[in-house]
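Commentary on secondary and tertiary structure
Single-letter residue listing:
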Amino acid sequence: MKGGSGGGGGVAPAKRRWRGLAIAVLFLVILSMLVPLGFLLGPHSGFHSAGHMPLQRPSPSDVLKGFVNEAKNETGSINATPKTQQKKGIPIPPQVVMQPFTSKNISRINGKAKMKSDVDESEGFCDLKYGSYCIWREENREEMHDSMVKKLKDQLFVARAYFPSIVKIPAQSKLSGELKQNIQEVECVLSESTTDADLPPEIQKKSRRMEAVIARAKSVSLDCNNIDKKLRQIFDLTEDEANFHMKQSAFLYQLAVQTMPKSLHCLSMRLTVEYFRDHLFDKELSEKYSDPTLQHYVIFSNNVIASSVVINSTVVHAIDTVNQVFHVLTDWQNYYAMKHWFLRNTFRDAVVQVLNIEDPDSYGKATLSHLTLPVEFRVSFPSNDSAPAINNRTQYVSIFSHSHYLLPEIFKNLEKVVVLDDDVVVQQDLSALWSLNMGGKVTGAIEICSVKMDQLRSYLGDHSFQKHSCSWMSGLNVIDLARWRDLDISETYWKLVKEVSMKEGSALLATLLTFQDQIYALDRVWVLSGLGHDYGLDIEGIKKAAVLHYNGNKKPWLDLGIPKYKEYWKKFLNHEDQYLSECNVNR
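Residues numbered from 1 in each chain as written. Predicted model: local features only at pLDDT ≥ 70, side-chain atom pairs only at ≥ 80, totals over all residues. Heavy atoms only, no water.

It is worth spelling out the packing of helix α19 (residues 489-499) against helix α20 (residues 506-514) at this point. At a minimum axis distance of 9 Å, the contact between α19 and α20 shows a crossing angle of 145°. The crossing of α19 and α20 is right-handed. For the pair formed by α19 and α20, the contact residues are Ile489, Thr492, Tyr493, Leu496 and Val497 on the first element and Ala510, Thr511, Leu513 and Thr514 on the second. Broken down by class, the residue content of the contact of α19 with α20 amounts to six nonpolar, three polar and no charged. (Axes fitted to C-alpha atoms, helices over the stretch in contact; angles between N-to-C directions. Helix = DSSP H or I, 4+ residues; strand = E, 2+ residues; numbered from the N terminus. Left-handed = near helix turned anticlockwise from the far one by under 90°. Contact = heavy atoms within 4.5 Å. Nonpolar A, V, L, I, M, F, W, Y, C, P; charged D, E, K, R; others polar.)

Given below as structure tokens:
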């Protein structure tokens, strides 16, 4: 009995020991699985949300610091309340992308810097979704002007799209009434305001009301087809309005180019009035005007300031001005203003004669019904055959006007003149032009070899030209009047004008045909052209050129003029002149 009893008592403790060992082993196995899982899913995990690559991984020191903090938290949790212990578990990492701390992660709100939120979908994931565009956008971000006006226009656009569908629902009569009222209020505000400064003080409240009404309209169940149709209608109207404004902008641009600025018109009127108040000091130096041994410069102009700058810049850089005579040919409207200006202003020892080309008593058959200035043709053509149209090269080719062909009759006693356009500035002495041997050619001019004759086929038609020869420009021209008379250049021109008068670009065609084989090519260092349209001219080249030609629409006396080139023209104005100050010409 005892033996049996003792044997039974020995088996039970052994079974209990093995059961305890099995439980301990199972606990250790489970623990060995949970600990690595905790490291993998814990706050210092290297895993991130699906579809995003981390921009910066934590350093080993950060990971070690995290482990130490976790150990401290585990130690401190012994004294935690049961409720806290129940809530404690394995933390889940937020679905964010870790980004490096750079200046692009900082935004500025109300003048104060703050960190951009990593969970901001519009900013946080921008680099990953759109690539380098986001960097370009940040680097080239421009301040939006009149943002409230633009916001109101957008709200009005959306409200108009929803209103036709809302008004058809009887149950939404109140909402449609509010929507209509807000649309009318915003339309009234925008009809009187084009900038934020023009908006009334309570505009923020109106904008918030409109925003709230639009939000309510969006929450209403509507037929999407109706909204789509309305949006398309508004889009078509907006496109038509944009086309209208583009045409209007082109018209206003041409108007600004071709119209005399208000300040210059003021100056011309003031000078005309002053001439008739005090014209007793009007005296002529006729003996110099017709002396063929002197240096005669001719300027066709209806612009007092422009012609004054040409003369002043020529005289300032001349070594000797005693032999210089300037002839300004103008029209009736500006004749007396020109007379008064050049009588009250002196240009060293040079003399200035003002002629009215529209006066039949003075020139008889050599007069025209109106003054014509050098004609400019805008020519665009591709750099090469495969270049897209957006990369077309543009040149403004200026040529003689009808008035130029009266020179031999107006200056019967002269054999040689230098013709200067009123949109040039002289930077060097021009006396060397008078000793040129042009080899029997009628006129010396700058050739433009970037514009060949065969590239002007659309203007010239099928006439017999030397296709690969260069075109030429007015601006600075040395004219042999004696040779002009011998070849009867004027008569040839008038015949050609009659023949090609119905063709587009007839003036260009007639001029190029008239002077074919009669152009002496001046050295290109004499003139640099393009200051009226080309923004990319070399500044060093501008400083070295003898004459600057502002050919193009952006003349230096216009507000449209290219600012960095204006200074070369403005420095020849008399900024202390009373009339210039009163008419605001010096600005």
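Bridge analysis of strand β10 (residues 443-452) against strand β11 (residues 470-480) gives six bridges, and the strand direction is antiparallel. In the strand pairing of β11, Lys452 is matched with Cys470. Here three bridges tie β10 to strand β12 (residues 519-521), and the two strands are oriented parallel to one another. For Ala445, the partnering residue across the bridge sits in β12 and is Ala521. (Pairing = 2+ DSSP bridges.)

Turning to the sheet that holds strand β9 (residues 424-426), a few remarks are in order. Here we have three strands laid out as an open sheet, ordered β9-β14-β13, and mixed in their pairing. Of all strands in the sheet, those bounded by a partner on one side alone are β9 and β13 (527-529). When the angles between neighbouring strand axes are averaged without regard to direction, this sheet yields 15°.

This part is about the packing of helix α13 (residues 304-316) against helix α14 (residues 332-344). At a closest axis distance of 10 Å, the pairing of α13 and α14 adopts a crossing angle of 35°. Where α13 crosses over α14, the two elements pack in a sense that is right-handed. Contact residues: α13 offers Val304, Ile305, Ser307, Ser308 and Ile311, while α14 offers Ala337, Met338, Trp341 and Phe342. Here the residues of the contact of α13 with α14 are counted per class, giving seven nonpolar, two polar and no charged.

All chains considered together, the criterion is met by two disulfides. Note on cysteine connectivity: Cys266 is disulfide-linked to Cys583, with sulfurs 2.1 Å apart. Around the S-S axis, the bridge from Cys266 to Cys583 shows a dihedral of about -65° and counts as left-handed. On the criterion of sequence distance, the pair formed by Cys266 in helix α11 (residues 262-277) and Cys583 in the segment after α23 (578-582) is long-range, its members being 317 residues apart. (Disulfide = S-S within 2.5 Å.)

Turning our attention to the side chain of Ser313. On the secondary structure map, Ser313 appears in helix α13. On the accessibility criterion, Ser313 (0% relative accessible area) is buried. Here Val310 takes part through its backbone oxygen, which lies 3.0 Å from a polar atom of the side chain of Ser313. (Buried < 20%, exposed > 50% of the residue type's maximum accessible area, 1.4 Å probe, protein only. Polar contact = N/O pair within 3.5 Å; in protein donor to acceptor, adjacent residues only side chain to side chain.)

Quick look at unusual backbone geometry now. One non-glycine residue, Asp146, lies in the positive phi region at around 55°. Take Asp146: it is sitting in the loop between α6 (132-139) and α7 (147-166). Despite not being glycine, Asn584 shows a phi value in the positive range, around 60°. Counting through the fold element by element, Asn584 comes out in the segment after α23. A relative accessible area of 41% places Asn584 in the partly exposed class.

Okay, the sheet that holds β11 next. Strands sit in the order β5-β4-β3-β8-β11-β10-β12 across an open sheet of seven strands; the sheet is mixed. The strands lining the two open edges of the sheet, one partner per strand, are β5 (351-356) and β12. With direction set aside, neighbouring strand axes in the sheet form an average angle of 35°. Sitting on the sheet, α13 is in contact with β3 (295-300), β4 (324-330), β5 and β8 (416-421), with an inclination near 170° to β4. Each of β4 and β5 touches α14; the most contacted strand, β5, lies at about 165° to it.

Right, let's get into the nonpolar core. Core analysis: the largest hydrophobic core is formed by 58 residues, its most contacted members being Ile305, Ile311, Phe342, Leu476 and Trp526. If one sorts the elements of this core by residue count, α13 sits on top with seven residues. Counting 39 residues, the second-largest nonpolar core is a separate cluster that includes Phe377, Tyr405, Leu407 and Phe515. (Core = buried A, V, L, I, M, F, W, Y, C linked by side-chain atoms within 4.5 Å.)

Moving on, we get to α20. Across the nine residues of α20, seven count as buried, placing the element largely inside the fold. Within α20 the residues assigned to the buried category are Leu508, Leu509, Ala510, Thr511, Leu512, Leu513 and Thr514.

In this section: the environment of Leu373. Relative to the helices and strands, Leu373 is located in the loop between α15 (360-363) and β6 (375-381). Owing to a relative accessible area of 28%, Leu373 belongs among the partly exposed residues under this scheme. Not counting residues within four places of it along the chain, the set of residues in contact with Leu373 comprises Phe300, Ser301, Asn302 and Ser401.

As a further point, take the confidence of the model for the chain. Where the model shows low pLDDT, its predicted coordinates should not be examined in detail. When pLDDT is averaged along the chain, the result is 77, and 71% of the positions lie at 70 or above. For the chain, strand β1 (residues 106-109) is the element with the lowest average pLDDT, namely 38, and β9 is the one with the highest, namely 97. Contacts from residues 1-11, a stretch scored under 50 in pLDDT, to residues over four places away or in other chains number zero contacts. In this model residues 43-121 is a low-confidence stretch, pLDDT under 50, and it forms 72 contacts with partners more than four residues away in sequence or in other chains. (pLDDT = per-residue confidence, 0-100.)

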